[in-house]
Structure formats: structure tokens, C-alpha cells
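These are the residues of each chain, in order.
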Amino acid sequence: LLNGSINPSIAFDDGQNFRIATVSNSNFDGFSAKFTVKNNGNIGIGADDPSYKLQVQGNFYVNETAYINGTTTLDDHVTISSLANYKGIDLVATGASRPQVKFSNANQGLLGQIYGTENNALIVATGTGGNTALTLDSSQNATFEGNVTIAKSTPTLTFNNLAGGGLDPILEAS
């Protein structure tokens, strides 16, 4: 007996699934699987009937690095906390592939994406066709592919280093 009323149980069930569980008495009433290895190789921690190679029902913690090779689906949202010294998310592509972040929803599909190029530029693209909206190059230049709208009734604009540059800014109020 554990805690006076819970018995640990190690058993194979009718489907030849291996389980470590707790039961409330010797008749195996109140059977609650804590660890399951199904006959197909799926493993469940807190999951009675795991559908995946590893299924954890509840929270889990990784103290070191977790390596995932392949597509990963995260439902709901992701929180990254305790980011001391500007740590964050690194997207590292192999070879000449472009690391990218895509934004989409179930109704409209792809809404936009941000990706890096072989020329060390960062591209912000919009729409399902991935139309370039903004390019930020390695020299800190920004190129907008459309109009720039400033939605403030009294904006302040400062243009630095215009002398001799041949730039004649045109500002229009709408």
C-alpha cells in the first residue's frame, strides 16, 4: 500500500499493452495508468491510450536541449520566458535554404512571411503569393514595395544626410 489506499500495479492488459498504474484496491478498481507502452510501440506518460510514439498528458520539463527533427506542431501558443542576455529563437537553415517564419490561419491560408536571403537581407512578404512588401538589406537600407502610410494627425518626420544625395522628399497629406 502507498499512502494507505493506493496500490501500485505492473501489468499487461488484454491487448498486451504494458502498464504501470495505481489501483484503489486488490480488485484493480480505480485503475489509473501512469506509464503505458502499447503493443505498437507508442509510449504514454499519464496517457492511457497514447496515439503517438511519445504522448505526455500534462506538463513536462526539459532541463537541457531538446532536439526535434521534422515538422513540429504546437497548438494554442508558445511562451518563451527567462530570456537573459537577449537569447531567443534561432532559425538556422542548412545549405542555401531560406529560414522563414510564416503566418497563416485556417480561413485564409498564408497571410505573410519573414525570411532571410543569401545576400543577408531580411524580407517581409504578404499574401498567399508571398509578395515582397519590405526589404531590409545588410547596409541598413529599407525598401518598401508600396506606399508608406503614417497614421498620425501630426507626424514628425526627420530626414538625415540629404545634402548632396539628390533626394527630394515629397510629402502629401490625405
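Coordinates for the structure precede this section.
Residues numbered from 1 in each chain as written. Predicted model: local features only at pLDDT ≥ 70, side-chain atom pairs only at ≥ 80, totals over all residues. Heavy atoms only, no water.

**Student:** Quick one: what's the story with a nonpolar patch on the surface, residue by residue and with numbers?
**Tutor:** Together, L74, V78, I80, I89, L91, V101, F103, L111, I114, L122 and L136 line one region of the surface with nonpolar side chains, adding up to about 950 Å² of accessible area. One can find V101 in strand β6 (residues 100–105). By relative accessible area, V101 is classed as partly exposed at 34%. (Patch = residues over 30% accessible without salt bridge, like charges linked within 9 Å, V, L, I, M, F, W, Y side chains within 5 Å. Areas by Shrake-Rupley, 256 points an atom, 1.4 Å probe, with all protein chains shown as cover. Salt bridge = Lys/Arg side-chain N within 4 Å of Asp/Glu carboxyl O. Helix = DSSP H or I, 4+ residues; strand = E, 2+ residues; numbered from the N terminus. Buried < 20%, exposed > 50% of the residue type's maximum accessible area, 1.4 Å probe, protein only.)

**Student:** So, unusual backbone geometry: which residues are in play, and what are the values?
**Tutor:** When glycine is set aside, most residues are seen to have a negative phi, and most peptide bonds are trans. Despite not being glycine, N120 shows a phi value in the positive range, around 60°. Secondary-structure assignment places N120 in the loop between β7 (109–116) and β8 (122–126). Since its relative accessible area comes to 60%, N120 is described here as exposed. Residue Q140 is not a glycine yet carries a positive backbone phi of 70°. Residue position: Q140 is located in the loop between β9 (131–136) and β10 (142–144). With a relative accessible area of 71%, Q140 lands in the exposed category.

**Student:** Describe the side chain of T36, with residues and values.
**Tutor:** Relative to the elements of secondary structure, T36 occurs in strand β3 (residues 32–37). Judged by its relative accessible area of 0%, T36 falls in the buried class. Among the polar contacts listed, one links the side chain of T36 to the side chain of R19, at a separation of 3.2 Å. Aside from chain neighbours lying at most four places away, what touches T36 is F18, R19, N42, I43, G44, A47, D48 and P50. (Polar contact = N/O pair within 3.5 Å; in protein donor to acceptor, adjacent residues only side chain to side chain. Contact = heavy atoms within 4.5 Å.)

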